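Results of the structural survey
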Amino acid sequence: MHKVESKTFLLLSTLICIYIVLRAICVPVLHDEASNFFVNVQHGEFIPFYSDWEAGNHFFNTFLTSSLQWLFGDSLFIFRLASLLFLPVYLLYIWKLSHLFNNSIIRWVFILTFVLNTYLIEFFALGRGYGMSIALLLGGLYYLFEYLRLFRRSALIKFCLFLTFATAANLTMVLPFALISFYLGIQTLINEDHPFRGKRITSIVFWSGIPIVLFGGLGVLMNRLGVLYYGIKTSIWEATVKSLLKAFVQTNTNVPQIIVAGLFIFALVTSIIYLVRNRKIGLSDLGLFSIYFFFGLIIASFIMRFTFDTNFAEDRTALYFFPAFIILFLLLIDRIPKLKILGGIFLLFPILFFVRANMNHSTYWGYQQIDQFTFDYIKEKAKESDEIPTVGMYSISVINWFYFNYSDGETMIPLADCDAYPGGKSDFLLIDKSKLKGWEKNYREINYWGYSKISLLERKEKLIRRKIFSMTIDLAINKDSPHQTQVIKEFTKDDTKDYYAEFNFFVNSNGKTARSAIHFDVIYPEDSVYRKHGIPLNWVRRTWDNNQFKAGVILQDLPPGKESINFTLLNNYHDSKTEIKGEVTLWELVAK
């Protein structure tokens, strides 16, 4: 390659790194990140079979992120730092893999398709394991190609190590890991010219066989437990192709599907022609491997589906399809110069990158996002009032709200009315205002975030709270007594009225992250439970030492009749002692 290409790539990589670092600083937390933090990272438990099952899908990311937060604190930037550290790895192996292509135009199509790819590149600014897994996969593919070309044992071991850590960062990478290792084993067995076949087979079994068996066993067990729930079982086109297209190009229209179908048919036909014309090529040929890898992934997906009853992978759990297809397609047209114009199709990705470039939101999962202004505004309003304000939002955004509150370092919890479709009773609403008819009568719009279509609405006049009763709560749990429930009181409801329950407690816990949880239940006469509020205490703060806890919950649309209200303190992980002392007050909400 010319020096000018090297300098151009270095400049492009530097700009991308700056952009992604700024995104890691500026973009608000996503639901997927907040869930990962509270469920996995905060506890620092990542060892498979000994930690939360869902941590088993990304335990390398959990280990790195927990370690970094132990060293530097748990700010959002530090939470995303582990992913950021793998961005240079990703860029380095894009550059190294680009050497596969002889034609400079195809080489730069390959580079731009990966470097300026919004969906892939943004993962490095998020606290998840997908970015590091794709970076490690590309590194593994590079060393695989080195091994096929030079047959060096060091390249074989590097491939196995890269794919081991890629799978540890994202368990779904076990499929390409196993597929490639099988190919390596066959290639080594039939390579009669090499005197060290036995040692190479032993190396493949040791360096790849052992981790594949462990990862595969973990995946089978997780599938039986129902925690491998991404994807669907009905159609690989619906699950994988359409979801990847939606993620990469942000559309459900038929045009991208038609283009992808055409590219697939072209790749299939060209692969057949390539194999017919090169019938005597060996397994070290990169074109042959690329054909095997891409179409092998498709076949393996069907085998996994009908043998182990797994789902067809979708979007981020099927990321390995993208490099497999791009490498296959571009390698084929690189060897057929007359077809190089087809590579221009992939320039759609850099175009979309510049269209979507921003510093304030993620280009996917946008409907879950809450901006900093919204949280700060409600927090300041809460400080101005003696009452705990109520905030209604879509249920999927609740964990984002808790992450904001947790990061703020205060124990104020202005949260209530967390239904999937919040009603018009809360002091504040974070909703798509088009889904609440007549909102203008009782609310005014304070802020609107165009990308997520979420508005911050503030009630013009707060509902009056008329006290019904107040009752003391005194509960304690430990590993021998993992839960304790106190019946607050029975009361007779009026089905034309709504109610508000307010909590005010002081909490002590010796648990590392206070993994107990508070549940507020309404028990119907038929013994059915109306569970309106459940808050894991570690979502509020890391440790509790007689700290004050405030929260509230709106009870609306309850059936008439008598009900008992229960307050439960639950030990989720049976490893801590937690005590709460305070009171619950029930109010009737009355409009002026």
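In this report, we go over the structure that sits alongside the text. (Residues numbered from 1 in each chain as written. Predicted model: local features only at pLDDT ≥ 70, side-chain atom pairs only at ≥ 80, totals over all residues. Heavy atoms only, no water.)

Describing the sheet that holds strand β7 (residues 498-509)
Heads up, the rule is: Pairing between strands is defined by DSSP: at least two bridges between them are needed. Under the DSSP-based scheme used, a helix requires at least four consecutive residues in state H or I and a strand at least two consecutive residues in state E, with every element numbered from the N terminus. Convention adopted: a line fitted to C-alpha atoms gives each axis, helices being fitted over their contacting stretch, and angles between N-to-C directions are expressed from 0 to 180 degrees.
Strand order in the open sheet made by the four strands is β5-β12-β7-β10, with antiparallel pairing throughout. The open sheet is flanked by β5 (464-477) and β10 (544-555), the only strands paired with a single partner. Across the sheet, the mean angle from the axis of one strand to that of its neighbour is 15°, orientation sign disregarded. Bridge count for β5 against strand β12 (residues 578-590) is 13 bridges, and the pairing is antiparallel. What sits directly across from arginine 466, in β12, is glutamate 588.

A word on the packing of helix α5 (residues 87-97) against helix α8 (residues 130-150)
What counts, and what does not: Orientation is classified from the angle alone, with under 35 degrees giving roughly parallel, over 145 giving roughly antiparallel, 65 to 115 giving roughly perpendicular, and any other angle giving oblique. Definitions for this section: a left-handed crossing has its near helix turned counterclockwise from the far helix by less than a right angle. A right-handed crossing has that turn clockwise. Residue contacts are defined here by distance: any two heavy atoms, one from each residue, within 4.5 Å place the two residues in contact.
Put simply, α5 and α8 touch, their axes get as near as 8 Å, and they point 30° apart. Classified by the angle between their axes, α5 and α8 sit roughly parallel to one another. When the axes of α5 and α8 are compared, the crossing they make is left-handed. Touching Val89, Tyr90, Tyr93, Ile94, Lys96 and Leu97 of α5 are Ile134, Ala135, Leu138, Gly139, Leu141, Tyr142, Tyr143 and Phe145, all from α8.

Digging into empty space enclosed by the protein
Keep this limit in mind: Whether a set of points on the 1 Å grid over the protein atoms alone is a cavity depends on a 1.4 Å probe fitting there but being unable to get out, while an open set qualifies as a pocket with protein on both sides within 12 Å along at least five of seven lines; lining residues are those with an atom within 4 Å of a point. Grid points are joined across faces, edges and corners, and a volume is the space filled by probe spheres set on the points. Gly counts as polar in this scheme, as do all residues outside two lists: the nonpolar Ala, Val, Leu, Ile, Met, Phe, Trp, Tyr, Cys and Pro, and the charged Asp, Glu, Lys and Arg.
As enumerated under the stated definition, the model contains three cavities of 30 Å³ or more in all. In this structure, the largest cavity occupies an estimated 60 Å³ of space. Taken together, Gln369, Ile370, Asp371, Thr374, Leu430, Asn447, Trp449, Ile454, Ser455 and Leu456 make up the full set of residues lining the largest cavity. Counting residues per element, the ones that place at least two in the lining of the largest cavity are β3 (443-449) and β4 (454-459). The biggest single contributor to the lining of the largest cavity is β4, with three residues. Roughly 50 Å³ of internal volume is contained in the second largest cavity. Forming the boundary of the second largest cavity are Thr390, Lys425, Asp427, Leu463, Arg465, Tyr500, Ile554 and Leu589. Tallied by class, the residues present in the lining of the second largest cavity amount to four nonpolar, one polar and three charged.

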